[in-house]
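# Structural features, examined
Next come the chains, spelled out residue by residue.
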Amino acid sequence: MHSYKYLKMNKSAQGILSVLPVILILIFLKGYPFYTTVYESFRNWDGLFKNNFIGLSNYIDIFTNGDLWTMLLNNLVMLLHIPLLIITGLIFALLLYEETYGWKIFRSISYLPNVISVVIIGYLFRMLFAPDGPVPMVLSAIGIDLEWLANGWSGMAVIIICIIWQSMGWQALLILGGLSGISVSVFEAARIDGAGYWTRLFKIVLPLIVPVIEYSSILSVLMVFGNSFGYIFSITRGGPGYATTTLDYMIYSKAFVTGTQMGAACAVGVVLAVIIFIATLIQMRIARKTESGVE
Amino acid sequence: MQRKMSRFLVVLLVVIFAVSFTACGSGNTDKSPDADNTKSTTEPAPVKDVHLVLWTASGSLVSGSEAKLPQDQWVLSKMLRIFEERNPGVTVEVMVEPDQGQAHQTFKAAALAKNGPDVVNLWTGLYTTSLKEAAYILDGKVPQEDLDNLIGWETVREGFKSDGSIIAYPWGTTDAIGIGYSKKLINAAGLDFEANPPKTTAEFDAACEKIKATGVIPMVSDEGSWPANLYFIHNYWWQQLSGADTIAKENSGKMKFVDDNGLKDALTYYQSLYKNGYVNQDALSSTNATERFLTGEAAMRYVGVGSIPSLIDKMGDDLGVMPTPDMPGAKITGSQIGGVGQALVIANYSKNPEMAVKLCSFLNSAEFYKEYVKVNPCITIRKDFAFEDTGMDSLPIYKKLFGMAQKSILFTDNLVDSDAMNELAKQAPLVYSGKLTPEEALEAMDKQIAAKNK
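A short tour of the structure in this document, coming up.

Glancing now at the overall build of chain B. The helix and strand tally for chain B stands at 18 helices and nine strands. Here chain B holds 454 residues, and the buried ones make up 56% of them. Considering only intrachain contacts with a sequence separation of at least 6, the fraction spanning at least 24 residues in chain B is 76%. Summed over its atoms, the accessible surface of chain B is roughly 19,800 Å², and 55% of this surface lies on carbon and sulfur atoms.

Right, dumping it as structure tokens:
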């Protein structure tokens, strides 16, 4: 008969062996590129055969030439979309939750932008805000003349509007999921105690959906730092100048536009990875404190 | 019943495959009408299973209009079949890269992995010569006939020197990027560019002022379309003031861009065009320069030989073209940006470099150009190909461009370090809209060179 200890070890071994193939694949697919990126970040690889060790030279350049701070600022400005996205998502989620007229159709339609390619949506917004596009034409009729894509701040505004437009449906469904998890009895008890709609919203609903908001915020932060390339490429190409260039776009610019600064691009990639890691840690700590406060 | 059905399906599949193999093996009978006249009388010894891969870009070996057709209808495809017939055992596979700029990066990756094309169509100048380590050096490999009959060899030689290593074959066409204009709108301003085009920037300013007074935009530009982007004019002024030698020193870091007065003057004048309202004020972000030129909203637009067919279609005889006006103190005058912009690079990992050289030679042959020019009006780089041979001589504008092209200087971006050029391309729109000074833009270019030279 097998002892309890043997059975326990056998189960652990089974678990480890079950996930081992996936872990090995992940190590290969994620670990090897990451290792190569770090390795090349200390070299002056030109994309071809020039590849010499240059120590911390790439990192010193990044932190001293001023570009990093410009790009980091652009990333931080892009984070402004998060509260706006949460508010719009919350409004839509509440409308869906209250099952307003046409909610079933609207639930499907609101998610459609999320399944369309980022590049297509980016080009659509580029056309909408082009000098001869419908948005400037309408605004011009009411006295607002602005070349949206020719200025840094307005170019960034277009990108933020585009991100919010595309992600609204996803945000709404996420919050709706959180709302559905709140027991109906909680609302009934609140009603019995005389709590009105707005009191229920701010005192019950919002505190209880904090985990959902935390989760979507983390994903949105990760998107801004690591996945905003598609929007920038299709709308502004990082311009005018570097006014809408973010860190991940800069990696593309150094690595693939001219293709001669692969080493420098890898260094920017490592810096970006560290920033994302720190930002995620801070966010999770804040969320944990907020959750314990709620409890 | 089921067994009978299975047997029937198996027989049917075998028949379908047999018919398909027969169809594939029947060969291509679509020949160029002139091919029989120029067929070699001595049959080469058949080689065994030589497969060449050729990467090209839409707008180059395959013209933009052809790219919309099925591949077997391209001139390139038809001519490659002739090449294959003349070289039994050789097959050539064509892949079209949608973005030729990106093709340079794709080829680099392929060169590292040694699994890319045998021949790749890239841009001349530093775009190609910087890939020397991945290229099959052609010194002593190019037939003398090609060295004698083709122009543009300096654009593919190391250091642009006449005795520099030959990194690639020049290909195709030489260009002249001039200022296209509507004769009607120019005449309405009391000017006649046909008889008396502005030759200096001062004359150009005066002309723009008169055109502006008629309520029309003097020059239209946009942020991306080639070559309407003002970037090309500015680059000519830079090269005519500073010269290619200065640019070479700047590339190597021996001289700084910020100390290049020619470049500063070119950028400053470029800025003045925008400030004085001689260029559309939304040039930074608009994308419709061609439409505005065609609808008469603007009097002038930068054009190349390749732009002419679509403009002629709509404008007919109203379309005129002239060289770029000269900056004061220019070392080079009466010219414009252009020259031989396309190259064929043979990869150094190619298993059949000699056959690849033969292919490049064929793609530059008079026979090839004669067919190519029927669907893509262009100015060939062959010295033995007269303008009358191109079939474009019926239109005066092409004759004018043909003459202009003989004096073109090479596209400046082909001479400048790619990172510095990319930086200038990013900063130039900010300079001419006044958001950045020329010095700030040039310092940014110097930073790029410094970063590369560590």
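A tally of helices and strands in chain A yields 14 helices and zero strands. Traced from its N-terminal end to its C-terminal end, chain A shows the element sequence α-α-α-α-α-α-α-α-α-α-α-α-α-α. Taken over the C-alpha trace, chain A has a radius of gyration of 24 Å; the compact-globule value for 295 residues is 19 Å, which it surpasses by more than 25%. Out of the 295 residues in chain A, the part that is buried amounts to 43%. Taking as baseline every contact in chain A between residues at least 6 positions apart, the subset at least 24 positions apart corresponds to 68%. When the accessible surface of chain A is split by element, carbon and sulfur atoms take 71% of a total near 16,300 Å². Distance between charge centres in chain A, computed from 17 positive and 15 negative side chains, equals 12 Å.

The way to describe two aromatic rings as a pair is by their centre distance and the angle between their planes. Counted by the stated rule, this structure contains 30 aromatic pairs over all chains. Note on Phe28 of chain A and Tyr32 of chain A: the rings are 6.2 Å apart at their centroids and 10 degrees apart in plane angle, and the pair reads as stacked. With Phe28 of chain A and Tyr32 of chain A both in helix H1 (residues 4-40) and four residues apart, this pair spans about one turn of that helix. Judged by its relative accessible area of 56%, Phe28 of chain A is exposed. Plain terms: the ring middles of Phe83 of chain B and Phe362 of chain B are 5.4 Å apart, the flat faces sit at 45 degrees to each other, and that makes the pair tilted. With Phe83 of chain B in helix H3 (residues 75-86) and Phe362 of chain B in helix H13 (residues 353-363), this pair connects stretches of sequence that are 279 residues apart. Here the two residues Phe83 of chain B and Phe362 of chain B agree in accessibility, since each one is buried. Site record: aromatic cluster; members linked through ring pairs are Phe229, Phe233, Tyr249, Tyr252 and Phe256 of chain A.

Taken together, the contacts link 34 residues of chain A with 31 residues of chain B. The contact between chain A and chain B buries some 2,600 Å² in all, and 48% of this surface belongs to carbon and sulfur atoms. When the buried area of chain A at its contact with chain B is split by residue, Leu48, Phe49 and Tyr242 of chain A rank highest and sum to 22% of it. Counting across the chain A and chain B interface gives zero salt bridges. Seen at the junction of chain A and chain B, the total is 15 residue pairs in polar contact (both at pLDDT 80 or more). In terms of residue count, helix H13 (residues 247-257) of chain A provides more of the side of chain A that touches chain B than any other element does, four residues in total. Taken together, the residues of the side of chain A that touches chain B break down into twelve nonpolar, 15 polar and seven charged.

Here the focus is helix H6 (residues 118-129) of chain A. In an α-helix, one turn spans 3.6 residues; hence positions three or four apart end up facing the same way. All names here are of chain A. Taking 1.5 Å per residue as the helical rise, H6 with its twelve residues ought to reach 16 Å, and the 16 Å between its terminal C-alpha atoms agrees with that figure. Looking at the packing, one finds that the buried side of H6 touches helix H5 (103-115), helix H7 (134-141), helix H8 (152-180) and helix H12 (229-235). Where H6 begins, the side chain of Ser117 points an oxygen toward the backbone nitrogen of Val119, at a separation of 3.2 Å.

Another aspect to go through is unusual backbone geometry. Following Gly239 of chain A, the chain continues to Pro240 of chain A via a peptide bond in cis, the omega torsion being 0 degrees. With respect to the helices and strands, the residue Pro240 of chain A is situated in the loop between H12 and H13. The residue Arg237 of chain A is not glycine, and still its phi comes out positive at about 55 degrees. In this structure, Arg237 of chain A sits in the loop between H12 and H13. The backbone of Phe160 of chain B shows a phi angle near 60 degrees, a positive value even though the residue is not glycine. Relative to the helices and strands, Phe160 of chain B resides in the loop between helix H6 (144-149) and strand S4 (169-182).

This part covers the pattern of salt bridges. Side-chain pairs of opposite charge can arise where the charged atoms are in close proximity. Residue and element names in this part refer to chain B. In this structure the tally under the stated criterion is ten salt bridges over all chains. As a salt-bridge pair, Asp282 and Arg292 come within 3.0 Å of each other at their nearest N and O atoms. Placement of Asp282 in the loop between helix H10 (261-275) and helix H11 (289-294) and of Arg292 in helix H11 is noted, with a sequence separation of ten residues between them. Summarising the burial analysis for this pair, Asp282 and Arg292 share the class buried.

Residues and elements named next belong to chain A. Packing of helix H9 (residues 184-192) against helix H10 (residues 197-208) brings their axes to within 11 Å, and their N-to-C directions diverge by 140 degrees. By the angle between their axes, H9 is oblique relative to H10. The interaxial crossing formed by H9 with H10 has right-handed handedness. Contact residues: Val186, Phe187, Ala190 and Arg191 in H9; Arg200, Ile204 and Val205 in H10. Looking at the contact of H9 with H10, its residues break down into five nonpolar, no polar and two charged.

So, about the side chain of Ser228 of chain A. Residues and elements named next belong to chain A. Tracing the sequence through the fold places Ser228 in the loop between helix H11 (210-226) and H12. Its relative accessible area of 0% is what places Ser228 among the buried residues. Residues in contact with Ser228, not counting those within four places in the same chain, are Met78, Met223, Thr246 and Asp248.

All names here are of chain A. The interhelical angle for the contact between helix H4 (residues 81-97) and H11, taken along N-to-C directions, is 140 degrees, at an axis separation of 10 Å. On the basis of their axis angle, the class for H4 and H11 is oblique. Note on packing geometry: the crossing formed by H4 with H11 is right-handed. Of the residues in H11, those in contact with His81, Ile82, Leu85 and Ile86 of H4 are Ile213, Ser216, Ser217, Ser220, Val221, Met223 and Val224. When the residues that make up the contact of H4 with H11 are grouped by side-chain class, the tally is seven nonpolar, four polar and no charged.

Criteria and cut-off values
- Residues numbered from 1 in each chain as written.
- Chains lettered and ligands numbered in written order.
- Predicted model: local features only at pLDDT ≥ 70, side-chain atom pairs only at ≥ 80, totals over all residues.
- Heavy atoms only, no water.
- Helix = DSSP H or I, 4+ residues; strand = E, 2+ residues; numbered from the N terminus.
- Buried < 20%, exposed > 50% of the residue type's maximum accessible area, 1.4 Å probe, protein only.
- Contact = heavy atoms within 4.5 Å.
- Areas by Shrake-Rupley, 256 points an atom, 1.4 Å probe, with all protein chains shown as cover.
- Rg over C-alpha atoms; globule rule 2.2 N^0.38 Å.
- Lys, Arg positive; Asp, Glu negative; His and termini not counted.
- Charge placed at Lys NZ, Arg CZ, Asp CG, Glu CD.
- Phe/Tyr/Trp six-rings, centres within 6.5 Å; stacked < 30°, edge-to-face > 60°.
- Buried area = accessible area lost by both parts, 1.4 Å probe.
- Salt bridge = Lys/Arg side-chain N within 4 Å of Asp/Glu carboxyl O.
- Polar contact = N/O pair within 3.5 Å; in protein donor to acceptor, adjacent residues only side chain to side chain.
- Nonpolar A, V, L, I, M, F, W, Y, C, P; charged D, E, K, R; others polar.
- Expected span 1.5 Å × (residues − 1).
- Axes fitted to C-alpha atoms, helices over the stretch in contact; angles between N-to-C directions.
- Parallel < 35°, antiparallel > 145°, perpendicular 65-115°, else oblique.
- Left-handed = near helix turned anticlockwise from the far one by under 90°.

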